[in-house]
Amino acid sequence: MGVEPGDHLRATHRAILRAELPRPATETSRTAETFPVRKDIPAPPPGFVGRTSELALISQLTSGVCAVDGMAGVGKTAFLLRAAAQHDCADGQLYLDLCGYTLERRPLRPTEALDRLLRAVGATELPVTDDPDELAATWRARVAGRRLLLVLDNAVNAEQVRPLLPGDGGSVVLVSSRRRRLGGLEVDRHLHLGVPPLGDAVRLLENAAARECSGTDRAEAIRVVQTCGRLPLALRIVGAKLRHRPALGLADLVDHLRDHDQRLGQLEIDDRRIDVVFEMSYAQLDPGDQQAFRLLGLLGTASVDRYVLAALAGVDGHRADLVLERLLAANLVDEPAPGRFVLHDLVRSYAAQTTRQLDPDRLRRDALTRLFDYYLAASARAYVSIQPATAVTGGTSAGMPLPAAVDDFAGAQAWFEREAGTLGWLVDLAAVRPQWHAYGWQLANPLVCYLTRHGRAVRPTRPGPAPPGWPPRSLGTIGRASR
């Protein structure tokens, strides 16, 4: 515009050329002027119990990122808030719920999360942009050199978290998610939270119920805890019922929770429902994985492998592997041993409830028929590997994959040991459904041969729960005699 520089700008220009600019104000002064210290992390919930070793690991973290994952209801938020209470970062302690699994709310977009974080540290003039990279650069510049404690709760995936991480590594960031390892997010420490041990679970129930259990009450409390699968959210719900209904006894609760099909409906109080938290994890799956997950609810046993899922879903082994990997990543199944996947009891109840609501009877019958065919073919092949001269009724796998272990003596014995409980459950199920009667004696044949060959008793036992729509009845069949 033809305006000449003023004296001040000329003097600044000369000082730059001569490297004579005054030193900037101290970091402490700059922080006090432009960076208000804010502490907005909520207090941990009352009655928190256990997790001692995990808390000790986080307490050793002086900078960097720690990701915490676990299944729905396992207590990740409570754990994160308890862990945050033991950190004291001088420049601020910030909490942000990313709403990854929040009922009737969509997950925060990175730009929305960055806007909230920048305002929390006193930024008033933000870039007018929807570009998350530009906002992330502004955030990193704003907190450079500061020591923050940043709690990012309820993350849906790594892409939501990555732009929110401070850049210079001087801060401590705690992230929680139901996604196992957050899809490869680079972290300094990772913790997977499982259900607490029995003693801690009983104490959690006592704290939530505001009553101490001893003698007969303690035995009933243990039964309640085991029926709830030691899941902290379920125990808090049950404890709240006991606290608000003093006349309700633990034995009454056991009776209410005993019905496998009605159990989830009992785990509800006010705005807390156990089936809703499972539903939010289920909703993250694609339709094919959702159907495979629902079919797992047909099983009366919690442990599965790729061959069982392949038979149920009518897919090949590769597809079954991919589905199980995605269910594992979503923390809807756990993998206690390589290749063996376990559903938590309440998750299996949710899968059973969902397949009963969404899948027609024909689809469920077809899935179980394929399962019968698989176990019939696998058990026959396994027993022939153990006793080649013995003729055992076999059947066909109808193109379904069979484990290679059944063709080897040692592998076949290990297969029978691992699968005897499921074989017994299938015999019980076949006994109460006319269309599967033939499967009952054909499956019992190799199992009884195996057990008697090893001098093991075959005695009646109570069967596991039948699939939805088929009430269980004990007919004095094999059940889980092998154990």
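Our subject is the structure listed above.
Residues numbered from 1 in each chain as written. Predicted model: local features only at pLDDT ≥ 70, side-chain atom pairs only at ≥ 80, totals over all residues. Heavy atoms only, no water.

1. Regarding the pairing of strand S3 (residues 149-155)
Counted residue by residue, S3 has seven buried out of seven residues, so it is predominantly covered. As paired strands, strand S2 (residues 93-97) and S3 are joined by five bridges and run parallel to one another. Following the sheet pairing, Gln93 is matched in S3 by Leu149. Of the pairings in the sheet, the one linking S3 to strand S4 (residues 172-177) comprises five bridges and is parallel in character. When the bridges of S4 are listed, Ala155 appears paired with Ser177. (Buried < 20%, exposed > 50% of the residue type's maximum accessible area, 1.4 Å probe, protein only. Helix = DSSP H or I, 4+ residues; strand = E, 2+ residues; numbered from the N terminus. Pairing = 2+ DSSP bridges.)

2. Examining the sheet that holds strand S8 (residues 303-304)
Spatial ordering of the open sheet is given by S8-S10-S9, a layout of three strands whose pairing is antiparallel. The sheet terminates laterally at S8 and strand S9 (334-337), the two strands that pair on one side only. Direction of pairing for S9 relative to strand S10 (residues 340-342): antiparallel, over a ladder of two bridges. Its bridge partner being in S10, Asp334 is matched across the sheet by Val342.

3. Examining the pattern of salt bridges
Counted according to the given criterion, the structure contains 21 salt bridges. One salt-bridge network, in which partners are shared between bridges, spans Arg106, Arg109 and Glu112. (Salt bridge = Lys/Arg side-chain N within 4 Å of Asp/Glu carboxyl O.)

4. Some details on the sheet that holds strand S1 (residues 64-70)
Sheets are built from strands that pair by backbone hydrogen bonding, the pairs being arranged parallel or antiparallel. Strand order across the open sheet formed by five strands is S2-S3-S4-S1-S5, with parallel pairing between neighbours. In the strand order of this sheet, the two ends are held by S2 and strand S5 (189-193), each with one partner. Here the average twist between neighbouring strands, direction ignored, is 15 degrees. Pairing of S1 with S5, which is carried by five bridges, proceeds in the parallel orientation. Across the sheet, Ala67 pairs through a bridge with His190, a residue of S5. Across the sheet, helix H3 (residues 52-59) is in contact with S1, S4 and S5; its angle to S5 comes to roughly 165 degrees. (Axes fitted to C-alpha atoms, helices over the stretch in contact; angles between N-to-C directions. Contact = heavy atoms within 4.5 Å.)

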